[in-house]
Amino acid sequence: MQITEIDDFVSGLDGVLALRPTEGSDFPEISWGDIFYYYAPDGVVPRGQPFATIVTKNYPDDTASGLDRPGAFRVNVAVGTDTFAEYADNPIADNTFAPHPQYARAHWLSITNPGTDNAEVLREMLREAHGRNKSRAERHSGH
């Protein structure tokens, strides 16, 4: 799968705001080129964590996925307890769902360089994360 394919899918979900920090923006330089997805039908970045991200480089203290390779990227998804448990013992490797190297305690899964054979599972995880984030936002807003 390509970043654009994943981005198009997630951005097409109901009420999604995709934050795409770019060079020269007010966002930290380390985030330039990455994508952060929120449920925000009003178009305003909400407080709290996104429900999914695409990162294109190593972050400080987060080098396990080897994103310093040309073309490497990682999709990170905040899933529920049951989904997380299915992949909790997997090692970090290309095209393998595994606990996020930094946010596993919060039930984040990641997949580096996802292949087409994992496309539908990834889309399902993204739908799940979106639904969970949407439900949480609606509870907090009183809807």
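Under an unreviewed UniProt entry, the protein chain has the name DUF6194 domain-containing protein and belongs to Nocardia coubleae.

Turning to the side chain of Asp 7, a few remarks are in order. Note on placement: Asp 7 falls in helix α1 (residues 3-11). The contact partners of Asp 7, leaving out residues within four places of it in the chain, are Ala 18, Arg 20, Ile 35, Tyr 37 and Ile 54.

Among the 5 residues that make up strand β6 (residues 108-112), 5 are buried, leaving the element largely enclosed by the rest of the structure. Alternating positions in β6 separate into two faces, Trp 108, Ser 110 and Thr 112 on one and Leu 109 and Ile 111 on the other, with burial throughout. As defined by bridge partners, strand β5 (residues 98-99) adjoins β6 across 2 bridges and the pair is classed as antiparallel. Bridging across to β6, Pro 99 finds its partner in Leu 109.

Our next topic: the sheet that holds strand β1 (residues 16-19). Pairing in this open sheet of 6 strands is antiparallel, and the strands run β1-β2-β3-β4-β6-β5 from one edge to the other. Every interior strand has two partners, whereas the edge strands, β1 and β5, have only one. Docked against the sheet, helix α3 (residues 119-141) engages β1, β2 (35-39), β3 (52-55), β4 (74-78) and β6, running at close to 45° with respect to β4.

For the coordinates displayed, the defined rule picks out 9 salt bridges. For Asp 94, the salt bridge is made with Arg 69, and the minimal N-O distance between the two is 2.9 Å. A residue pair is termed long-range when its members are at least 10 positions apart, and Asp 94 in the loop between α2 (81-87) and β5 and Arg 69 in the loop between β3 and β4 qualify at 25 residues. One connected set of salt bridges, linked through shared partners, spans Glu 5, Glu 120, Arg 123, Glu 124 and Arg 127.

So, on to the UniProt feature "domain: DUF6194" (unreviewed entry) in the protein chain. The feature "domain: DUF6194" (unreviewed entry), as given by UniProt, occupies residues 1-140 in the numbering adopted here. Spanning residues 1-140, this segment combines 27% helix with 18% strand, and its end C-alpha atoms are found 34 Å apart.

Right, let's talk about the environment of Tyr 39 for a bit. Structurally, Tyr 39 can be placed in strand β2. The class of Tyr 39 is buried, set by a relative accessible area of 10%. A sequence separation of 96 residues divides Tyr 39 from Ser 135, and the C-alpha atoms of the two residues are 9.4 Å apart. Setting aside chain neighbours within four positions, we find Tyr 39 in contact with Asp 14, Gly 15, Pro 46, Phe 51, His 130, Asn 133, Lys 134, Ala 137 and Glu 138.

Conventions adopted
Residues numbered from 1 in each chain as written. Predicted model: local features only at pLDDT ≥ 70, side-chain atom pairs only at ≥ 80, totals over all residues. Heavy atoms only, no water. Helix = DSSP H or I, 4+ residues; strand = E, 2+ residues; numbered from the N terminus. Contact = heavy atoms within 4.5 Å. Buried < 20%, exposed > 50% of the residue type's maximum accessible area, 1.4 Å probe, protein only. Pairing = 2+ DSSP bridges. Axes fitted to C-alpha atoms, helices over the stretch in contact; angles between N-to-C directions. Salt bridge = Lys/Arg side-chain N within 4 Å of Asp/Glu carboxyl O. UniProt positions renumbered as here; feature names shortened; annotations may be inferred.

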